[in-house]
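Chain by chain, the residues run as shown.
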Amino acid sequence: MASMPGVLTDWPWKSLGSFKYVVLAPWIISSTRSFLCKDENERDVTSFLVFPFILWRMLHNQVWISLSRYQTAKGNNRIVDKGLEFEQVDRERNWDDQILFNAILFYVGIKLIPGASNLPLWRTEGVIISILLHAGPVEFLYYWLHRALHHHYLYSRYHSHHHSSIVTEPITSVIHPFGEHIAYFFLFAIPMITTLATRTGSVASFVGYVTYIDFMNNMGHCNFELIPKWTFTMFPLLKYLMYTPSFHSLHHTQFRTNYSLFMPLYDYIYGTMDKSTDSLYESSLKRGQEAPDVVHLTHLTTLDSIYHLQVGFANFASKPYKSKWYLWLMWPVTLWSLVFTWVYSRMFVVERHRFDKLRLQTWAIPKYTKQYSLKWQNSSINNLIEEAILEAEEKGTKVLSLGLLNQSEELNRYGELYVQRHPKLKTKVVDGSSLAVAVVLNNIPKGTTQVLFKGKPTKVAYAILYTLCQRGIQVIAQLPEEEFVKLNTTLDANSASNLVRSSNYSPKIWLVGDGLTEEEQLKASKGTIFIPFTQFPPKKTHARKDCIYLSTPAMVTPPSLENVHACENWLARRVMSAWRIAGIVHALEGWNEHECGDTISNIDQVWEATLRHGFQPILKATQTNY
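I will try to describe carefully the structure that is included in this document.

The rules behind each value
- Residues numbered from 1 in each chain as written.
- Predicted model: local features only at pLDDT ≥ 70, side-chain atom pairs only at ≥ 80, totals over all residues.
- Heavy atoms only, no water.
- Axes fitted to C-alpha atoms, helices over the stretch in contact; angles between N-to-C directions.
- Helix = DSSP H or I, 4+ residues; strand = E, 2+ residues; numbered from the N terminus.
- Parallel < 35°, antiparallel > 145°, perpendicular 65-115°, else oblique.
- Contact = heavy atoms within 4.5 Å.
- Nonpolar A, V, L, I, M, F, W, Y, C, P; charged D, E, K, R; others polar.
- 1 Å grid on protein atoms, 1.4 Å probe; cavity = no way out; pocket = protein on both sides within 12 Å on 5 of 7 lines; lining within 4 Å.
- Points joined across faces, edges and corners; volume = space filled by probe spheres on them.
- Buried < 20%, exposed > 50% of the residue type's maximum accessible area, 1.4 Å probe, protein only.
- Pairing = 2+ DSSP bridges.
- Polar contact = N/O pair within 3.5 Å; in protein donor to acceptor, adjacent residues only side chain to side chain.
- Phe/Tyr/Trp six-rings, centres within 6.5 Å; stacked < 30°, edge-to-face > 60°.
- Lys NZ or Arg CZ within 6 Å of the ring centre and 35° of its normal.
- Patch = residues over 30% accessible without salt bridge, like charges linked within 9 Å, V, L, I, M, F, W, Y side chains within 5 Å.
- Areas by Shrake-Rupley, 256 points an atom, 1.4 Å probe, with all protein chains shown as cover.
- Salt bridge = Lys/Arg side-chain N within 4 Å of Asp/Glu carboxyl O.

Focus: the packing of helix α8 (residues 178-197) against helix α9 (residues 203-220)
- Running from N to C, α8 and α9 cross one another at 170 degrees; their axes reach a closest spacing of 11 Å. Taken together, the axes of α8 and α9 are roughly antiparallel relative to one another. Side by side, α8 and α9 meet where F188, P191, M192, T195 and L196 of the first sit next to F206, Y209, V210 and I213 of the second.
- In the contact of α8 with α9, the residues fall into eight nonpolar, one polar and no charged.

Set out below in structure tokens:
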């Protein structure tokens, strides 16, 4: 919001929240009914096409959002290094308000303006008029309107809201107060109104002009340079007629230069061209892909998790993952993404961070959780993971941590498979087990004398149970007899007495895996604390309201961790899984060994190092109480 919000700051439908699109329902229903029910001569195609045009604009904008986030994560041609934060994502989450506003004005205009209905699909003269009017009056008037908006009175009340985003994204282009958008609409309506008045308007001129504005707005607010140098070499005069992302980025960092809309001509004429425009453009183009120091290798979970990636829906990704009903409406896109990931079959960069001089990246394997349970998929998944490890090695990556099921025992023995295949591997492969164990142990309340263990015995589980028994805490382990005997043989006589195989459900502390059923949860006594030790949380469809469910092993990240604006799966904001943090700490400490297979680092040493670097246990306030 602007520093001193003025009149008409908020959108009229702000109170409707996610249901704001109901204001369009009467128009859409009426135009669709008219098109389907009336005779061909009475149909108004123009009004009917407004709704598909809305969908096209939303798709167009989303493509730019995903492209921009993917490109800036890789680092190619990046302009500004500063990261995004949740505050900016929240401020820009209603980028579709201007599409809704424009749609209403289109519907009203078609009804009220003579000649606005039943437009032909194409009229050449109308297209030419639109081009000339935009290049002339629109660009000129916008330049001076923009300069006026930088006057302290208007800037503090309106335009400062837009300039709150120093690092721009495509959707930053339309983040303005309602009153400012009114001014922009009437400015951009000049070509459209003129073509209607001269009877030269057409569907093509309207759709084409608005699409052009969307295209240029999105392109100019990308945080990477994408206009090749040969464009201006072959056409020198083009630098006066078309701006670049780096040109407009300077306006957001310097504020008092580069005011032009899409044509820098007026900045040249009036002397407001930033002196570093050309040098920033060239340096951005020369910037190569970023080589990460630490890579976290994860994978997709559910079918709609593709939308929760940083390159997906920005607002959806900024909140802990939870399936939404409206994602079912996206099934054609979801199906297409499933086919694409199947065909593409190569890891891709999801996000980047910077912490204490370390360059961090998250890479994703294009496989879903369900595929990891299919044995015939094991070879394909292992090949993808191995390719990612070798690519990280080639880039000079110090540490690669394996996330979610990329480190399962059945798949690759907690990553040991790749170290055995490549014994000279310089990149350290880390499964993060030691920190996961440490987090779980520190989640157990002090003074606890008895815990119940229920879940699949994994490397993390064995380490937790072994440590608890060593500390004199009785563990009621609901394990198969074979697994119970296996664990019991690793303990000395004193510690072994603390391990009990029983069906007793009375302990108030439960260490649980992701296979915990709702029926088992009902057997817990009131006030029981469920502490997960697995990557995935247990099902809580009908969770006990009289019990406490803690997060999967995770910690709160330090404020100095940059570019955090998406949630890691189901975790809260600025909370990171222990397995992921372990890789970062491994690199910070410079430890020179792999942590995979049966190897587990010193738990106390890892925990102390993690705290020393600013990672903190999740406060009780961030836990989910039921």
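Some points on empty space enclosed by the protein
- Counting across every chain of the model gives seven cavities of 30 Å³ or more.
- Taken as a whole, the largest cavity holds about 400 Å³ of empty space.
- Taken together, 30 residues line the largest cavity, and the ones lying closest to its centre are V174, Y184, F188, I213 and N217.
- Its residues assigned to classes, the lining of the largest cavity shows 12 nonpolar, 16 polar and two charged.
- Reported here for the second largest cavity is a volume of approximately 320 Å³.
- What lines the second largest cavity is a set of 25 residues, and nearest its centre among them are E351, C567, E568, N569 and R580.
- Of all the secondary structure elements, the ones that give two or more residues to the lining of the second largest cavity are β1 (294-299), β2 (348-355) and β13 (575-577).
- When its residues are assigned to classes, the lining of the second largest cavity shows 10 nonpolar, 11 polar and four charged.

Observations concerning unusual backbone geometry
- Here the phi dihedral of N118 falls at roughly 50 degrees; this positive angle occurs in a residue that is not glycine.
- Classification of N118 as partly exposed rests on a relative accessible area of 48%.
- The phi torsion at R574 lies on the positive side, around 55 degrees, for a residue other than glycine.
- By the secondary structure assignment, R574 is in the loop between β12 (554-556) and β13.

Focus: the pairing of β1
- Counting buried positions along β1 gives six out of six residues, so the element sits mostly inside the fold.
- The alternating pattern of β1 places V294, H296 and T298 and V295, L297 and H299 on opposite faces, both of which are buried.
- Across four bridges, the pairing between β1 and strand β4 (residues 399-402) is parallel. The partner of H296 across the bridge, within β4, is S401.

Some words on the side chain of H159
- Tracing the backbone shows H159 in the loop between α7 (152-157) and α8.
- Among the polar contacts made by the side chain of H159, one reaches the side chain of E180 at a distance of 2.7 Å.
- Beyond its immediate sequence surroundings of up to four residues, H159 is in contact with H146, L149, H150, L154, H176, E180, Y184 and H251.

Here we look at the packing of aromatic side chains
- The tally for this structure, following the rule as stated, stands at 34 aromatic pairs.
- On the basis of an interplanar angle of 10 degrees and a centroid distance of 4.0 Å, the ring pair of F35 and F48 is categorised as stacked. Placement of the pair is F35 in helix α1 (residues 25-37) and F48 in helix α2 (residues 45-48), with a sequence separation of 13 residues.
- Ring centres of F101 and F185 lie 6.1 Å apart, and the angle between their planes is 65 degrees; this geometry places the pair in the edge-to-face category. Of this pair, F101 sits in helix α5 (residues 97-112) while F185 sits in helix α8, and the two are 84 residues apart along the sequence.
- Taking relative accessible area as the criterion, F101 reaches 9% and is therefore assigned buried.
- Ring pairing ties together the aromatic residues W11, W13, F53, F101, F106, F178, F185 and F186, which thus form one cluster.
- Taking the ring centre of F35 as reference, the NZ or CZ of R43 above it sits at 5.1 Å.

Quick notes on a nonpolar patch on the surface
- Taken together, the side chains of W331, L335, V339, W342, V343 and W376 present a nonpolar region at the surface, about 750 Å² in accessible area.
- With respect to the element layout, W342 can be found in helix α15 (residues 331-344).
- The partly exposed category is assigned to W342, whose relative accessible area is 49%.

Comments concerning the sheet that holds β13
- Pairing within the open sheet is antiparallel, and its three strands lie in the order β13-β12-β14. Each edge of the open sheet is held by one strand with a lone partner, namely β13 and β14 (616-617).
- Here β12 runs beside β13; their pairing, made up of three bridges, is antiparallel. Counterpart to A554 in the pairing with β13 is S577.
- Seen against the sheet, helix α24 (residues 578-589) touches β12 and β13 and runs at an angle of roughly 85 degrees to β13.

Spatial relationships are all this shows, so hold off on functional conclusions.
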